[in-house]
Amino acid sequence: MQLSSRNLLLLSYLGGVCNCDFLGPRFPSPVDLSSDSSVVAAGWRNVSTAIDSYLNVDFNRTTRTSIGLENMTFSIGMFSIRDPAAKNLQYHHISVEAKAGPGTSEISGDSIYRVASVSKLFTVFASLLSFDCDQWDQSITNFIPGFSNYTLNSTGQDSVLRTKWEDVTLRSLASQVAGIPRDPSPFFSDVAIRPDLLTGHPTPNPATLGLPPLTLEEIEPFLPCLLNPDLAACSPASVFEANQARPPTFPAWTTPAYANNGFILLGIALANITGMPLADVYPELIFRPLGMTNSKSAAPPESEWSQYVVSGNDATYWAQQGGVSIGSGGIFSSLNDLAKFGTALMNSTLLPPARTREWMKPVSHTADLTFSVGAPWEIYRYEHAGTGAVTDIYTKLGDAGNYTAFVCLIPDYEAGFNVLTSSYISQRSALASTIADLITTTMIPSLEAQAAAEAAKNLAGTYASDNPSLNSSITISFNDSSIDSGLYITSFTSNGTDVMPLLPFISGGITTKLLPSIQESGQVAFRAVAGKVIYPPRTFLGPFLKMSTANSDWLIVDWLTYGGVGLSLFVFEVDADGRATGIEPAAMRMKLVRV
């Protein structure tokens with residue numbers, strides 16, 4: 001898209017009224033999350049105080065969303081790649097019934113929980129470490145012979161009741177857009193075999209629901225592992241048999257549709273491609289390389305139960321071996337290990353950085369404007385009050401049996417948090433979500449405030465040429481506006497010439513602020529963008545006008561250059577503490593030192 005000076009003046013008029021920033025952070029990541037003076041540490045104290053106030057006061061006076069919290073065992077904590085001590089921001093509570101149960105009677109960051117569907121995140125990560133790029137876009141039929149034979153025999157039998165397995169790729173399985181049946185045998189809930197939905201009676205009674213009777217012969221093809229009490233013995237071949245003739249939910253790549261089935265199949269493909277038993281894949285590729293000593297892909301023997309969090313009413317189910325379901329929900333881990341895992345993901349410890357950035361992006365939208373889906377990320381879009389800035393939270397929920405868990409990564413701050421819970425109570429999932437919401441609504445504003453405070457301290461100031469005869473300087477000021485806080489260029493002189501009149505052509509706005517774009521050791525690059533102003537009342541702003549004006553930052557970045565270098569590029573030189581020692585307006589080929 002080519003933009004003339006006249007177009008840019010129009011953008012300056014319209015776009016200067018209300019501009020959106022690039023996707024990503026407004027400031028460099030905060031490095032102090034844990035000191036007594038940190039806003040983040042203060043935020044965590046507020047989280048802890050809120051939980052304390054519930055657990056230590058009259059339950060009749062607390063909010064309904066917290067009722068039952070005392071009956072849950074939970075561990076929550078932060079982590080950051082910029083501040084290793086952030087992992088010490090933790091809170092733990094153990095319920096009376098868990099203390100009396102067969103597991104641990106004391107809780108810490110090393111206590112081991114079942115993490116349920118958080119296992120899917122480990123499965124995709126192990127797959128990223130194992131599959132080549134071509135394999136991701138190949139059909140599952142290439143890696144599971146049983147499906148290949150079925151697909152060959154059913155070619156041409158197009159029907160809304162036939163799953164087109166030839167269209168189901170490894171990438172679609174990992175991204176929840178394969179459209180396959182949700183749950184596999186023997187783990188799905190079939191009315192033909194489950195207790196009566198209306199009365200709860202253990203004997204199935206489909207007739208009360210208006211369903212026709214089915215014979216065992218009609219049910220058995222879909223439930224080949226049902227009669228075997230050892231779920232771990234359910235073979236991959238049995239899973240193929242149970243799946244191949246079941247109807248799809250959607251055509252592949254139509255819409256996100258949650259499918260535990262997809263990760264069982266992905267896990268089987270992972271085992272086939274690596275040549276390892278699935279239970280060996282996770283310790284070999286992830287746990288040992290990252291020092292995750294309290295993470296397991298197999299249920300423990302009874303002699304080790306004292307390290308595990310177990311609900312008091314659960315003596316055996318929690319420790320069932322996962323078998324083919326490991327890839328979907330069979331992993332155990334601890335708060336400290338999940339902090340190591342989250343740190344390693346954002347630090348690209350095992351993956352190349354570009355691959356990590358590619359992975360941590362949405363694959364599909366949902367019908368909710370604030371929620372997208374990745375592989376297998378569940379991505380929540382948090383909108384900051386006042387500024388309207390957006391922070392994406394990359395999460396994975398696990399919820400099964402007596403366990404609910406959240407792994408949450410916040411790339412904008414190179415930080416995150418984890419929530420691990422266990423309880424027999426029916427409101428466990430809602431309470432775990434309430435804890436995650438409390439952390440989110442408290443800690444994201446705290447992280448933003450800390451990042452802003454560090455940017456103001458480390459980067460704002462006046463920079464000038466160390467050669468007085470050049471008469472070149474720039475002043476970067478921190479604007480603490482509730483609408484659009486940030487680092488703004490408030491004075492700019494080059495070789496005795498006032499450069500400020502040029503800035504609207506560079507940024508497309510009336511005011512010019514700096515947003516971080518690339519951070520390397522000793523350097524942080526920023527791009528000049530337009531500041532934000534409120535649209536007047538009754539201004540018409542449809543989606544196309546908004547895209548080309550209010551969201552113009554991504555359209556015009558780097559559009560105006562000098563000698564091939566963008567006039568919007570400014571590079572700070574920073575010391576080991578992140579404090580700027582100089583700045584280079586790159587297109588002007590000059591370095592200015594901090595005054």
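Check the entry above for the structure.
Residues numbered from 1 in each chain as written. Predicted model: local features only at pLDDT ≥ 70, side-chain atom pairs only at ≥ 80, totals over all residues. Heavy atoms only, no water.

1. Observations regarding the sheet that holds strand β7 (residues 378-383)
Within the open sheet, the eight strands sit side by side as β2-β1-β10-β9-β8-β7-β6-β5. Their pairing is antiparallel. Both edges of this open sheet fall to β2 (90-93) and β5 (364-365), since each of them pairs with a single strand only. For strand β8 (residues 390-400) and strand β9 (residues 403-410), the ladder comprises seven bridges, and the chain directions are antiparallel. Of the residues in β9, the one forming a bridge with D399 is T404. Strands β1 (73-80), β2, β9 and β10 (415-422) of the sheet are contacted by helix α13 (residues 335-346), whose axis makes an angle of about 30° with β1. (Pairing = 2+ DSSP bridges. Helix = DSSP H or I, 4+ residues; strand = E, 2+ residues; numbered from the N terminus. Contact = heavy atoms within 4.5 Å. Axes fitted to C-alpha atoms, helices over the stretch in contact; angles between N-to-C directions.)

2. Considerations on the nonpolar core
Judged by nonpolar contacts, the single largest core of 77 residues is most densely connected at F122 and W359. At the level of secondary structure, the elements contributing two or more residues to this core comprise β3 (112-114), α4 (119-130), α7 (170-174), α9 (236-243), α10 (260-274), α11 (278-287), α13 and β9. The leading source of residues in this core is α10, at eight residues. Those residues within four positions of F122 in sequence are excluded, and the remaining contacts are Y282, I286, F287, M292, I331, L338 and F341. Membership of the second largest hydrophobic core comes to 33 residues, among which are F74, I435, M443 and I444. (Core = buried A, V, L, I, M, F, W, Y, C linked by side-chain atoms within 4.5 Å. Buried < 20%, exposed > 50% of the residue type's maximum accessible area, 1.4 Å probe, protein only.)

3. Some remarks on α10
The terminal C-alpha atoms of α10 lie 21 Å apart, and with 15 residues this matches the ideal 21 Å at 1.5 Å per residue to within 8%. Every buried residue belonging to α10 is among N260, N261, G262, F263, I264, L265, L266, G267, I268, A269, L270 and A271, and all of these are buried. Immediately beyond the C-terminal end of α10, within one or two residues, lies G275, with a positive phi of roughly 75°. (Expected span 1.5 Å × (residues − 1).)

4. Quick word on unusual backbone geometry
Omega for the peptide link from A375 to P376 comes to -5°, which places this bond in the cis form. Structurally, P376 is set in the loop between β6 (371-373) and β7. If you check the backbone angles, E414 has positive phi at about 50° while not being a glycine. Position of E414 among the secondary structure elements: in the loop between β9 and β10. Among the residues examined, E414 registers a relative accessible area of 16% and is labelled buried.

5. Some points on the packing of α9 against α10
Contact pair α9 / α10: the axes reach a minimum separation of 11 Å and the direction vectors enclose 140°. What the angle tells us is that α9 and α10 run oblique. Helix-helix and strand crossings are classified by hand; for α9 and α10 the assignment is left-handed. Across from P236, V239, F240 and N243 in α9, the residues of α10 making contact are N261, I264, L265 and I268. (Parallel < 35°, antiparallel > 145°, perpendicular 65-115°, else oblique. Left-handed = near helix turned anticlockwise from the far one by under 90°.)

6. A few points about the side chain of S485
By the secondary structure assignment, S485 is in the loop between β12 (473-479) and β13 (486-494). If sequence neighbours within four positions are ignored, S485 has contacts with F27, F478, N479, D480 and K513.

7. With respect to the packing of aromatic side chains
How two aromatic rings sit relative to each other is set out by the distance from centre to centre and by the angle between their planes. For the coordinates displayed, the defined rule picks out 17 aromatic pairs. Taken together, the aromatic side chains of F122, F125, F287, F341, W359, W377 and Y394 make up a single cluster linked through ring pairs. (Phe/Tyr/Trp six-rings, centres within 6.5 Å; stacked < 30°, edge-to-face > 60°.)

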